[in-house]
Structure formats: structure tokens, C-alpha cells
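# Coordinate inspection notes
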Amino acid sequence: MSSVSLSQLSTLPTYASSSTARLKSLYSDFTHQKHSNPTSYASNVDWWRRTLEGALLRGWLSDSHNTSAASDRIVLHATGVAFAEHFRVEGVGKPLSIPTVISELCASKALIPLPQFLNDSRSIYDPGWLPYRIASFVVGKPLWWALGQLGIVDSQANSFGDSSTAERWKKVKGDYVAVALLEGAAERILERQRQRDTGNLADSLYSEASFREEFASYAFENAPLSELDVKVLLRFLERDKRAIVIKGEVIKFVEQGTTVPEVTAVDSGILALKTGVEKLQAQAESLQRRIDDRTRQASEALRQKRKEVALTHLRARKQLEDVHKKRLDSLGLLESTLLRVETSAGDIEIMKSYQSSTATLREILSHPLLQRDKIDETMDAMASANADAREVDDAIQLGADMAQADRAVDDDELEAELAALVKDVEREKDEAAAQAQRERLAAGGLNVPEHPPSPHSPAEEPTAAQKEKVAA
């Protein structure tokens, strides 16, 4: 088994961020650190989990990654001691603790044995009875040993760390489903289905081949889906996500919360029509390409003055055009039939909605509170309560008016106070206007007397000199 090149490994985030000293520690046998240094042990296991998932996602660990077949990107093939050769690094060697890592990942359900995953009827999210996790992580090794002696749990698992590397590989050799990669691929498939669903029944129906063709580029970023990956994904979507139902060759996406999802005869018929339309479309496109090729070849023969060859190509083109026309006619018929079937199926769903809505409305209207006698009684009681409320309001208002009348208020005094306030306001306005006028005059270079003479004040008396001058 060939190893993954160092340049490839260096593209993984785990390798890119690890020094040579760190790699040597990770490649060593750290199995016994589980009890002596649990923190370092957990860190190493998590590093290898991310490494295995990254390499598997890129198709480096598949049995078929060197062939033309599609690489498995969900199923990890732990083939034995030779599996470690995938990660051999010059100057560091090959990792010794991968069996330990696989064992731990199985215990935490990050990896699930493939046969168990495919055959178990219970969901992988069903916690079940987890004695290993309880005893190992909560109570500890002594009680785990005691439970093993009593035959409650497998006591041989306790001696895993005491085994040699070859013996550990014998215990973990097999195929495993990487749950994190599976969940990511399934979620991307469901998102794609939600985007393309237009409400037509045909949009929710697939065969295994059309399922692979439609969702391959979304599950793993333009990487093809292997047959094993498709098998695992379909099992997960049906049993654990309850997003599809499968019957024979029919794969049907169902809405979440559907009471009893099933594949009906109508579903099978619509899928057959849909498949027929897709095949005829592919045939029509292929025939059109062949017609174009014949036209090009005939033109090329004419340029070379090969008339007989050109006629041969034209005859072949004519035959292809006849077949192409027939295929297009058949395609149009199938498409119209599919449209009518989808419309009828949609009408059935609409009538079911009408029927359900009618039953719901009747159920609501049959409630005792919505009976005519009860409605009249309730409305009469409401009218009576409103009348009582108005009487209370009137009584309160009357009391307030009487209390206001009892207060001794002198209206003349209030009028005098109001007049005084008006005079104060006018005086303040006059003073403000005078101050503004003085500021304007001062700005023009004129002096304004602080107190201008009153128009009613007596004229100033002339001086003695003025009197003598007048007499002369």
C-alpha cells in the first residue's frame, strides 16, 4: 500500500501546524498515556481524528484511490498494519497508535463499524447502554475490571493497551463510517434539495443513479460519490434523518414531520415518467451532436472535392434528423403527460388540504363557547358589565365635580394676578426692544441718552448771560 506524499500531508491543517518534534510524539505509541497523562492522550487522539477525517475527505485513504473508480470519502478502510503506511514520513516513520485511535473513536461514536451502521435498525443518535463510556470516564478502571469479572462488560477491552501493535490491528481491522463527514455530506444534500424543490412531486423523486448524479457535486465539492458512499448516505438519510423513504428503486424526499411517509404507486409512475423524459432528453442531445458532426464532415468533404463522401454524410444526417424528430415528438408527449400527472397529484394534495381545513373549522365551530345561546349569553353579560362600568364612571365624575364646587376660589383675585403677569411680560418686552435699539445706535457711532427727556417736562431756564443778550 503506497503512502501519501509528504507534500499532500502538509496540506492538512494538522500537519501544517505541527513541528517535527510534535510529529514524533504523535507517531509514537502513546497508548499507555491514557491513564498516566490523560490530557496529552486526549489531545493526540483528537489530532489523529482530524487527520484521518481530512485524509479520508480528500480520497487518500480509499481502497480505490489509485484506480479509475470513485474514492470512498465517508468509509474508512482500516486494512491492518499496512494502513499506517499511508502516513509514513521520512525521518519520523509510521504511526504506531492508529489502532488505539480507532478504538477510542469507536467508543465516542466518531467512527461506527460499517456492518453495524448498515444493519442496525436503531438510529445512531440513540444513546443505548454505554457501559464502556460510563466505566472508563466516570468511575474508572477498578470498577471496569470488576464489571468484567462479573461478565457485565467485555473485560478484554481493558487489556487493549497491553497488546502489541499487530494484535491491536487485529482487533480494529475493518471498515468504519466517519460520522462527522457523513453528517456534513447529508446536510449539504438536504440543503441542495431544499433549493431545487419547486413543489412538484417529481422534484422529490430519484433513482439511485439520478441521486448520485444530482448530489455528487454538492456532497463533496465536485468529487464523485462512490457506490459505498451513496449506500451509507441513503441509509443515514432514511433511518437517522428521516428525510427520505426508499422502496425498491424509488428514493423519495419527504417533509419533516410527515406522519406516515411512504412510496406510493403514483410516486413510482411519476419517477418512471421522469426517468423516461431524462433519457429522451439525453438521446435528443446526443442525436443533435451527431447531426452537427455529419454536417461538419459533409462540408469538409465538399471542400476537399469528395462529392461521394459528402453525399454519404448527408444521407446519414437525414436519417439522424428523422430519428431526432421522432425522439422530440416522444419527448414532448412524455413531458405533457408528466405535467398532467403532476398537476393531478397536486390537485389531490390540494383537496386533502381542503378536507383537513374543513374538518379543522368544523371542530372549532363545534366548541361550546361558539354555540348561539352561549354567544348571546356572553354578549348580554358584556353589555351589562359595560353599563355597570359607565355607572361607576358617572358616579366618580359627579363626585369630582362636587368636590371642585366645594373649594372657595376668588375669581377676581385670579383675574388680578393674571393682569399683573401680563404687565410684567409687556415690560420685559419693552426693555428688550429699547436695549436692542441702543445697541444698533451704538454700532452706528451715536450716543443715546440713558434717560431721554420726557415730552411733558418743563423747558430748561436760560442763563443770566442769555437774558442780557436778549435784552440788548
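Now for a look at the structure at hand. (Residues numbered from 1 in each chain as written. Predicted model: local features only at pLDDT ≥ 70, side-chain atom pairs only at ≥ 80, totals over all residues. Heavy atoms only, no water.)

### Observations regarding the overall build of the protein chain
When helices and strands are counted, the protein chain shows 18 helices and 6 strands. Residue burial in the protein chain is summarised as follows: out of 472 residues, 30% are buried. Sequence-distant contacts in the protein chain: of pairs separated by 6 or more residues, those separated by 24 or more amount to 64%. Here the protein chain displays about 30600 Å² of accessible surface, and carbon together with sulfur accounts for 54% of that area. (Helix = DSSP H or I, 4+ residues; strand = E, 2+ residues; numbered from the N terminus. Buried < 20%, exposed > 50% of the residue type's maximum accessible area, 1.4 Å probe, protein only. Contact = heavy atoms within 4.5 Å. Areas by Shrake-Rupley, 256 points an atom, 1.4 Å probe, with all protein chains shown as cover.)

### Focus on the side chain of threonine 100
With respect to the helices, strands and loops of the structure, threonine 100 is situated in helix α6 (residues 98–107). Only 2.7 Å separates the side chain of threonine 100 from the side chain of threonine 31, close enough to count as a polar contact. (Polar contact = N/O pair within 3.5 Å; in protein donor to acceptor, adjacent residues only side chain to side chain.)

### Considerations on the sheet that holds strand β2 (residues 111–113)
Judged by pairing direction, the sheet is antiparallel, and its 3 strands sit side by side in the order β1-β3-β2 without closing on themselves. Among the strands making up the open sheet, the edge pair consists of β1 (75–78) and β2. Here the average twist between neighbouring strands, direction ignored, is 35°. When β2 meets strand β3 (residues 174–178), the two strands line up antiparallel, connected through 3 bridges. The residue of β3 that forms the bridge with proline 113 is tyrosine 176. On the sheet, helix α11 (residues 179–196) packs against β2 and β3 and is oriented at approximately 45° with respect to β3. (Pairing = 2+ DSSP bridges. Axes fitted to C-alpha atoms, helices over the stretch in contact; angles between N-to-C directions.)

### Some thoughts on empty space enclosed by the protein
Per the stated rule, a full pass over the model turns up 1 cavity of 30 Å³ or more. A volume near 60 Å³ is recorded for the largest cavity. Lining of the largest cavity is provided by Arg49, Leu52, Glu53, Leu56, Leu76, Leu105, Ala110, Leu111 and Ala178. Sort the elements by how many residues they give to the lining of the largest cavity and helix α5 (residues 38–57) lands first, with 4 residues. Within the lining of the largest cavity, the residues separate by chemical class into 7 nonpolar, no polar and 2 charged. (1 Å grid on protein atoms, 1.4 Å probe; cavity = no way out; pocket = protein on both sides within 12 Å on 5 of 7 lines; lining within 4 Å. Points joined across faces, edges and corners; volume = space filled by probe spheres on them. Nonpolar A, V, L, I, M, F, W, Y, C, P; charged D, E, K, R; others polar.)

### Focus on the pairing of strand β5 (residues 244–247)
When β5 meets strand β6 (residues 250–253), the two strands line up antiparallel, connected through 4 bridges. Bridge assignment links isoleucine 244 to a residue of β6, and that residue is phenylalanine 253. The turn joining β5 and β6, which pair antiparallel and follow one another in sequence, is formed by 2 residues; a positive phi near 65° is taken by glycine 248.

### Structural notes on the sheet that holds β6
In space, the 3 strands of this open sheet follow the order β4-β6-β5, with antiparallel pairing throughout. One side of each edge strand has no neighbouring strand; the edge strands of this open sheet are β4 (205–206) and β5. Against the sheet, helix α13 (residues 227–240) contacts β5 and β6, and its axis sits at roughly 115° relative to β5.

### Topic: helix α3 (residues 20–27)
Every α-helix carries 3.6 residues per turn, so stepping three or four residues along brings you back to the same face. Taken together, the buried positions of α3 are occupied by Leu23, Leu26 and Tyr27. Summarising the axial view, the buried residues of α3 lie within an arc of 95°, below the 170-degree limit, and thus occupy one face. Contact partners of the buried residues in α3: α2 (13–16) and α5. (Arc of directions from axis to C-beta.)

### A short note on the packing of aromatic side chains
Taken as a whole, this structure holds 14 aromatic pairs when the rule is applied. Pairing tyrosine 206 with phenylalanine 253 gives two aromatic rings, centres 5.7 Å apart and planes at 80°, and the pair type is edge-to-face. Here tyrosine 206 is found in strand β4, whereas its partner phenylalanine 253 is found in strand β6, with 47 residues between them in sequence. One exposure class covers both tyrosine 206 and phenylalanine 253, and it is buried. Members of the aromatic cluster, joined through ring pairs, are Tyr15, Tyr27, Trp47, Trp48, Phe83, Phe87 and Trp169. The ring of phenylalanine 117 has arginine 239 sitting right over it, with the charged end atom 4.7 Å from the ring centre. (Phe/Tyr/Trp six-rings, centres within 6.5 Å; stacked < 30°, edge-to-face > 60°. Lys NZ or Arg CZ within 6 Å of the ring centre and 35° of its normal.)

### Let's talk about the nonpolar core
Tyr15, Tyr27, Trp48, Leu61, Phe83, Phe87 and Ile102 are the most contacted members of the largest nonpolar core, which has 34 residues in total. Those elements giving two or more residues to this core turn out to be α3, α5, β1, α6, α10 (165–172) and β3. In this structure, Ala216, Ala223, Phe236 and Ile244 belong to the second largest nonpolar core, which totals 32 residues. (Core = buried A, V, L, I, M, F, W, Y, C linked by side-chain atoms within 4.5 Å.)

### Examining a nonpolar patch on the surface
Taken together, the side chains of Leu361, Ile364, Leu365, Leu369, Leu370, Ile375, Met379 and Met382 present a nonpolar region at the surface, about 740 Å² in accessible area. Counting residues per element, the ones that place at least two in the nonpolar patch are α15 (307–365) and α16 (372–406). As for its placement among the helices and strands, leucine 365 is situated in helix α15. (Patch = residues over 30% accessible without salt bridge, like charges linked within 9 Å, V, L, I, M, F, W, Y side chains within 5 Å. Salt bridge = Lys/Arg side-chain N within 4 Å of Asp/Glu carboxyl O.)

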